[in-house]
Amino acid sequence: MTERTGGAVKCEWYPSSQLGGGTAQIEATMANNQGGTATALDSYSTWCNDLGILSVPFLFEDAQSTLDFMASEKGQAMLDMLANDANLKVLNYEFVRLPRVLISTADITHPSDLKGKKFRVANIPLQAKMFEYWGGTVNQIGFNEYPEALMQGVVNAGETSSESFSTSKFHLYAPYIAEVNFQYPLDCIVMSNDMYEQLSSEQQQILLDCAQEAADEYNEKCYAEFEEYRPTMIEEGAIFLDIDRQEWIDSVDGFYTQLKEENFFNDPELLDYAISLKEGQ
């Protein structure tokens with residue numbers, strides 16, 4: 001971006017939470033104290049509650065169905081709400097991460113094994129509700145503090161996308177891995193909408209093009225690099241459990257009913273709308 005704008009727009013990247021945890025960086029972006037940030041798209045459900053639909057377990061069949069939902073009228077309306085009401089402009093949400101799996105310090109082959117577990121959750125309200133439905137207690141902990149929380153026993157279970165194993169080494173502290181693939185998360189690049197609007201139309205387009213190129217490169221590497229790392233994980237003690245995924249899918253029927261009865265989403269038709277998209281595929 002800096003090169004293509006001839007230095008008119010300078011972009012600097014600070015990895016590994018150097019600017020703070022995910023929530024702190026989002027709030028700094030909202031206040032125009034930070035240009036932007038990159039994190040999971042459903043992390044923004046705190047500021048747009050209906051984005052929590054992306055966290056509903058087993059609602060989407062794969063990453064493409066999640067992308068299709070976000071491209072729909074309701075999905076785009078959520079992005080407009082973030083820009084207009086929260087000063088958060090989503091530049092690109094097509095960073096396709098690996099499916100979310102469950103990890104624990106003990107066997108979690110079956111949904112009933114989650115009862116009584118102490119789960120780490122992100123700042124995603126629906127995620128906390130989901131783990132409580134499965135019988136656990138929840139503790140909101142920043143991602144950079146997650147491995148230490150497992151190591152110290154503050155939590156003994158949680159979720160992650162599998163590409164994070166190589167960097168965060170979760171399997172060293174919670175070796176039991178249930179690849180239930182309950183969600184297909186998307187990462188996104190977000191910036192201050194105020195700052196975005198200050199750019200020229202040409203600069204805005206360059207920024208969007210750069211973000212798309214970054215997503216394309218990420219998607220070329222993510223799945224392949226994890227499969228290369230899987231044997232190393234096993235050597236380091238990871239235990240990939242033999243699970244019946246249908247058993248896990250069946251276990252959340254009551255959760256869907258609970259969400260509707262509690263009117264969890266601002267749009268009362270949202271859950272049925274997402275289900276209809278899936279059934280129409």
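In this text the structure is predicted, and so the values were computed from the model without any measurement.

Our next topic: the overall build of the chain. Within the chain one finds eleven helices and nine strands. Since a compact globule built from 281 residues should have a radius of gyration of about 19 Å, the 19 Å found for the chain is in line with a globular shape. Overall, the C-alpha framework of the chain stretches about 55 × 45 × 30 Å when taken along its three principal axes. Looking at the chain as a whole, 50% of its 281 residues are labelled buried. Long-range contacts, defined here as pairs at least 24 residues apart, represent 73% of the contacts in the chain between residues at least 6 apart. A total of about 13200 Å² of accessible surface is found on the chain, and carbon and sulfur atoms cover 46% of it. Separation between the mean location of the 17 positive side-chain charges and that of the 45 negative ones in the chain comes to 5 Å.

Under the criterion given, the structure shown has zero disulfides. Just so you know, Cys210 is unpaired, no disulfide at all, and the nearest cysteine sulfur is the one on Cys11, 7.6 Å from it. No disulfide involves Cys222; its sulfur sits 15 Å from the nearest other cysteine sulfur, which is in Cys188.

All right, on to helix α2 (residues 63-71) then. Every buried residue belonging to α2 is among Ala63, Ser65, Thr66, Leu67, Phe69 and Met70, and all of these are buried. The inward-facing, buried residues of α2 abut α3 (73-86), β2 (88-96), β8 (186-192) and α11 (270-279). For α2, the N-terminal cap is Asp62; the gap from its side-chain oxygen to the backbone nitrogen of Gln64 is 3.3 Å.

In this structure, Ala86 sits in helix α3. In this structure Ala86 comes out as buried when scored by relative accessible area, which is 7%. Separated by 100 residues in sequence, Ala86 and Leu186 place their C-alpha atoms 20 Å apart. Once residues within four sequence positions are removed from consideration, Ala86 is found in contact with Met30, Trp47 and Met81.

A few words on a negative patch on the surface. Negative charge collects at one region of the surface, where Asp242, Asp244, Asp250 and Asp253 lie side by side. Tracing the backbone through its elements, the reader meets Asp253 in helix α10 (residues 253-261).

With respect to topology, three strands assemble into an open sheet ordered β1-β8-β2, the strand pairing being antiparallel. Both edges of this open sheet fall to β1 (36-40) and β2, since each of them pairs with a single strand only. Looking at each pair of strands side by side, their axes are set apart by 20 degrees on average, direction ignored. As paired strands, β2 and β8 are joined by six bridges and run antiparallel to one another. Looking across to β8, one finds that Val96 is bridged to Leu186. Along the sheet, helix α1 (residues 22-30) makes contact with β1, β2 and β8, crossing β1 at roughly 140 degrees.

Attention now moves to unusual backbone geometry. Despite not being glycine, Ser17 shows a phi value in the positive range, around 60 degrees. Checked against the element boundaries, Ser17 lands in the segment before α1. Positive phi values are uncommon outside glycine, yet Asn32 reaches one of about 65 degrees. In this fold, Asn32 is placed in the loop between α1 and β1.

This brings us to the packing of α2 against α3. Each pair of packed helices can be summarised by the angle the axes make with each other and by the distance between the axes. Contact pair α2 / α3: the axes reach a minimum separation of 4 Å and the direction vectors enclose 70 degrees. The angle between α2 and α3 falls in the class roughly perpendicular. Judged by residue contacts, Phe69, Met70 and Ala71 of α2 engage Glu73, Gly75, Gln76, Met78 and Leu79 from α3. Here the contact of α2 with α3 is composed, by residue class, of five nonpolar, two polar and one charged.

What counts as what
- Residues numbered from 1 in each chain as written.
- Predicted model: local features only at pLDDT ≥ 70, side-chain atom pairs only at ≥ 80, totals over all residues.
- Heavy atoms only, no water.
- Helix = DSSP H or I, 4+ residues; strand = E, 2+ residues; numbered from the N terminus.
- Rg over C-alpha atoms; globule rule 2.2 N^0.38 Å.
- Buried < 20%, exposed > 50% of the residue type's maximum accessible area, 1.4 Å probe, protein only.
- Contact = heavy atoms within 4.5 Å.
- Areas by Shrake-Rupley, 256 points an atom, 1.4 Å probe, with all protein chains shown as cover.
- Lys, Arg positive; Asp, Glu negative; His and termini not counted.
- Charge placed at Lys NZ, Arg CZ, Asp CG, Glu CD.
- Disulfide = S-S within 2.5 Å.
- Polar contact = N/O pair within 3.5 Å; in protein donor to acceptor, adjacent residues only side chain to side chain.
- Patch = residues over 30% accessible without salt bridge, like charges linked within 9 Å, V, L, I, M, F, W, Y side chains within 5 Å.
- Salt bridge = Lys/Arg side-chain N within 4 Å of Asp/Glu carboxyl O.
- Pairing = 2+ DSSP bridges.
- Axes fitted to C-alpha atoms, helices over the stretch in contact; angles between N-to-C directions.
- Parallel < 35°, antiparallel > 145°, perpendicular 65-115°, else oblique.
- Nonpolar A, V, L, I, M, F, W, Y, C, P; charged D, E, K, R; others polar.

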